[in-house]
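# Notes for the structure review
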Amino acid sequence: VDSALALELKPQLAALHPASFAWALACCRDDPAEAEDVLQTVYEKILDGRARFEGRSSLKTWLFAVVRRTASEARRRRVFLRPWLLLAPTERPAAPDEEQAGAERATRVREALATLAARQREVIELVFFHDFTVEEAARAMGVSAGSARVHYDRAKHRLRAALVEVR
Amino acid sequence: MSLSDDELRAELRRRSITAPPFQSLWSAAAARVQRRRSPARWIALALLAPAAIVLFLLFGTRRPPPPLPAPPTVQLPLEGLLTLRLDGQLPLDGLARPIAEPTPFAGFDTRGRWP
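The following refers to the structure shown. Nothing here was measured: the structure is a model prediction, and the numbers come from that model.

### Some thoughts on the overall build of chain B
Across its full length, chain B holds 4 helices and 0 strands. Reading the helices (α) and strands (β) of chain B from amino to carboxyl end gives α-α-α-α. The 115 residues of chain B split such that 17% are buried. Total accessible area on chain B is roughly 9,200 Å²; 66% of this is exposed by carbon and sulfur atoms.

### Observations regarding helix H5 (residues 118-129) of chain A
All names here are of chain A. The end-to-end C-alpha distance of H5 is 15 Å, a good match for the 16 Å that 12 residues give at a rise of 1.5 Å each. Restricting attention to buried positions, one finds in H5 the residues Gln 120, Arg 121, Glu 122, Val 123, Ile 124, Glu 125, Leu 126, Val 127, Phe 128 and Phe 129. Downstream of H5 by one or two residues, Asp 131 has phi in the positive range, about 60 degrees.

### Re the packing of aromatic side chains
Residues and elements named next belong to chain A. The final tally for this structure, using the stated rule, is 7 aromatic pairs over all chains. For the pair Trp 23 and Phe 64, a centre-to-centre distance of 5.7 Å together with 5 degrees between the ring planes defines the contact as stacked. Placement of the pair is Trp 23 in helix H1 (residues 4-27) and Phe 64 in helix H3 (residues 59-81), with a sequence separation of 41 residues. The same class applies to Trp 23 as to Phe 64, namely buried. Taken together through their ring pairs, the aromatic side chains of Trp 23, Phe 64 and Phe 132 make up a single cluster.

### Description of the pattern of salt bridges
All told, the structure shown has 10 salt bridges over all chains when counted by the stated rule. Between Glu 44 of chain A and Arg 32 of chain B there is a salt bridge whose closest N-O contact spans 3.3 Å. Pair noted here: Glu 44 of chain A is in helix H2 (residues 32-48) and Arg 32 of chain B is in helix H2 (residues 22-37), and the two residues belong to different chains. By relative accessible area, Arg 32 of chain B is classed as partly exposed at 39%. Linking Glu 44 of chain A and Arg 36 of chain B is a salt bridge whose minimum nitrogen-to-oxygen distance equals 2.4 Å. Note that Glu 44 of chain A is positioned in helix H2 and Arg 36 of chain B in helix H2, a pairing that runs across two chains.

Cut-offs and rules
- Residues numbered from 1 in each chain as written.
- Chains lettered and ligands numbered in written order.
- Predicted model: local features only at pLDDT ≥ 70, side-chain atom pairs only at ≥ 80, totals over all residues.
- Heavy atoms only, no water.
- Helix = DSSP H or I, 4+ residues; strand = E, 2+ residues; numbered from the N terminus.
- Buried < 20%, exposed > 50% of the residue type's maximum accessible area, 1.4 Å probe, protein only.
- Areas by Shrake-Rupley, 256 points an atom, 1.4 Å probe, with all protein chains shown as cover.
- Expected span 1.5 Å × (residues − 1).
- Phe/Tyr/Trp six-rings, centres within 6.5 Å; stacked < 30°, edge-to-face > 60°.
- Salt bridge = Lys/Arg side-chain N within 4 Å of Asp/Glu carboxyl O.

Right under this line is the structure:
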């Protein structure tokens, strides 16, 4: 099944896998099961040629853009099939390692991130967690660099406020 | 007290995320692609598609019959009107309602009779 290009990319994709999963998690509102489905779909797209890396950006930027697009497609499909989910509050199951002592800070950060708008959360994840520049983040998010910069500044401002509040 | 960018970055990186194994997701994706490309799938599609088209042509294009046309408006026959005016009688057979008082017009008296 593996196309030549996909085979060529496989080691690099494997190296990027933990970061890709973290990004998928951020795109899926911290739902690990959904993030896993999304990432599997991304690999499927790469294998069957629906997502093709053409070298116009770094592999990581391209991969993250595919993850983001796939996550939003999955979200649209889910809302179309089960519109009542829009009304239900999104509860994220606590990860086992977060239940241990010292996980309070992680929870706090997660809660602070949850207060941000989707675009703000995405840009802050990409820049702070994945070491993207704002321009690379803009490319991965499919927005202009100026727009990404505005989201980034607003996100930092709100995140600071949220984290200082609980300190 | 405000947090610097580095502190914010450090706070965000405190989260620990455990990713599922790459190989399992990759293999599952490859299996799905394989299934999608399998000849059995295409054969089934080749058989089902014409059947679906035939079914659509047979049943899908049926429309409910158009509504019946409205009954034609009954026109007052000219000769009937003339007859009525001339003999001053009630309308002829087939007319919907009697005309009690014919409208006078030139050449007739108020009862519709020729003077």
